[in-house]
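Okay, here's what each chain looks like letter by letter:
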Amino acid sequence: EPIIDGVLRRGHIMMLTGPPKAGKSWGMTQLAYAVATGGEWMGFQCHQGSVCYVDTELDPSSLFNRLDRVRAKMGLPDSGGNILAMPLRGQTVDAEKIANTISDAYGEQPPALVIIDSIYSIETGDENSAGDMRAMMQRLGSIAAGGSAIAFAHHHAKGSAGSRNVIDRGSG
């Protein structure tokens, strides 16, 4: 079942990566509203469904302010669709906690889309270790297997990029 036509389906995982201050979080917020309302995101049609927005970077007031600003800029009504925002800044967060939090909030009917902003804050080991990142992706895959699509923001690896391909710039 598609979430974003031609891009993302239920049970699949999507990564949005880029350098600091590239607009990844703003893009993820726009994606949340596009799915919650059945609108477009980056020119792609989204299918309407519930969205769980897990934010590990912002305090609650900053997150809700960002959500309101994006909703207003998109010209959406105050409700803006079916988005459950979970500000988790300052908490120890791992993929298991995210899965349990989603299960507690949604029960047997998982959200269409889970957004995690940003993945570096999830306690799973070294973000520059392919093995640690693989283990985290497997945990996220188990959440997706429950029926949700997952989209997460991730930053580019630090250091010399000369030996990397353009598609290999995400940390880990």
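Scroll up a little and you will see the structure.
Within any chain, residue numbers begin from 1 and follow the written order of that chain's sequence. Local features are withheld for residues below a pLDDT of 70 in this predicted model, meaning they are given only at 70 or higher, and side-chain atom pairs are given and counted only at 80 or more; totals for whole chains, interfaces and linings count all residues. Hydrogens and water molecules were not included; the side-chain quantities draw on all heavy atoms of the structure.

Draft legend 1. Representation of the overall build of the chain within the structure. Secondary structure counts use DSSP, requiring at least four H or I residues in a row for a helix and at least two E residues in a row for a strand, with both numbered from the N terminus. The number of helices and strands found in the chain is 4 helices and 9 strands. Counting from the amino terminus, the chain carries its helices and strands in the arrangement β-β-β-α-β-β-β-α-β-α-β-α-β. Looking at the chain as a whole, 44% of its 172 residues are labelled buried. Contact between two residues is taken to exist if any of their heavy atoms lie within 4.5 Å; hydrogens are not considered. Put simply, 70% of the contacts in the chain that link residues at least 6 apart link residues at least 24 apart. Per-residue accessibility takes into account occlusion by the displayed protein chains alone, with areas from the Shrake-Rupley method and a 1.4 Å probe. When the accessible area of the chain is evaluated, it comes to approximately 8,700 Å², of which 48% is carbon and sulfur surface. When accessible area is computed with a 1.4 Å probe and restricted to protein chains, residues below 20% of their type maximum are described as buried, those above 50% as exposed, and intermediate ones as partly exposed.

Draft legend 2. A look at the pattern of salt bridges. We define a salt bridge as a side-chain nitrogen of Lys or Arg found within 4 Å of a carboxyl oxygen belonging to Asp or Glu. Evaluated as defined, the whole model comprises 2 salt bridges. When the shortest N-O distance is used, the salt bridge between Glu1 and Arg10 registers 3.4 Å. Residue Glu1 is classed as exposed on the basis of its relative accessible area of 61%. Exposure remark for Arg10: the relative accessible area of 26% places this residue in the partly exposed category.

Draft legend 3. Just the pairing of strand β8 (residues 113-117), in detail. Along β8, 5 of the 5 residues are buried, which leaves the element largely enclosed by surrounding structure. The alternating pattern of β8 places Leu113, Ile115 and Asp117 on one face and Val114 and Ile116 on the opposite face, and all of these are buried. Any two strands between which DSSP finds at least two bridges are classified as paired. Direction of pairing for strand β6 (residues 51-55) relative to β8: parallel, over a ladder of 5 bridges. Following the sheet pairing, Cys52 is matched in β8 by Val114.

Draft legend 4. Representation of the environment of Arg69. Along the chain, the position of Arg69 falls in helix α2 (residues 60-73). A C-alpha to C-alpha distance of 9.8 Å links Arg69 and Thr29, two positions 40 residues apart in sequence.

Draft legend 5. Unusual backbone geometry, seen in detail. With a phi close to 50°, Met42 is a non-glycine residue in the positive phi region. Mapped onto the elements of the fold, Met42 is located in the loop between β4 (40-41) and β5 (44-45). With a relative accessible area of 56%, Met42 lands in the exposed category.

Draft legend 6. Inspection of the layout of surface pockets at higher detail. Cavity: a set of points on a 1 Å grid over the protein atoms alone where a 1.4 Å probe fits but cannot get out. Pocket: an open set with protein on both sides within 12 Å along at least five of seven lines, its lining residues, like those of a cavity, having an atom within 4 Å of a point. Grid points are joined across faces, edges and corners, and a volume is the space filled by probe spheres set on the points. Here the largest pocket is characterised by a volume of approximately 360 Å³. Elements that contribute at least two residues to the lining of the largest pocket include exactly α1 (24-37) and β9 (149-155). Ranked by residues supplied to the lining of the largest pocket, first place goes to α1 with 3 residues. Per-class residue counts for the lining of the largest pocket are 6 nonpolar, 4 polar and 5 charged. Asp, Glu, Lys and Arg are counted as charged, while Ala, Val, Leu, Ile, Met, Phe, Trp, Tyr, Cys and Pro are counted as nonpolar; the rest, among them Gly, fall into the polar class.

Draft legend 7. Examining the nonpolar core more closely. Take the buried Ala, Val, Leu, Ile, Met, Phe, Trp, Tyr and Cys residues and link them wherever side-chain atoms come within 4.5 Å; each set so joined is a nonpolar core. Grouped together as the largest cluster of nonpolar side chains are 28 residues, with contacts concentrated most on Ile4, Met28, Leu31, Leu113 and Ile115. Of all elements in the fold, only β1 (2-4), β3 (13-18), α1, β6, α2, β8 and β9 reach the threshold of two or more residues within this core. Among the elements that make up this core, the one with the highest residue count is α1 (7 residues). Beyond its immediate chain neighbours, meaning those up to four positions away, Met28 contacts Leu16, Tyr53, Ile115, Ala151, Phe152 and Ala153. The next biggest cluster of nonpolar side chains, apart from the first, holds 20 residues, and it includes Ile102, Val114, Met133 and Ala144.

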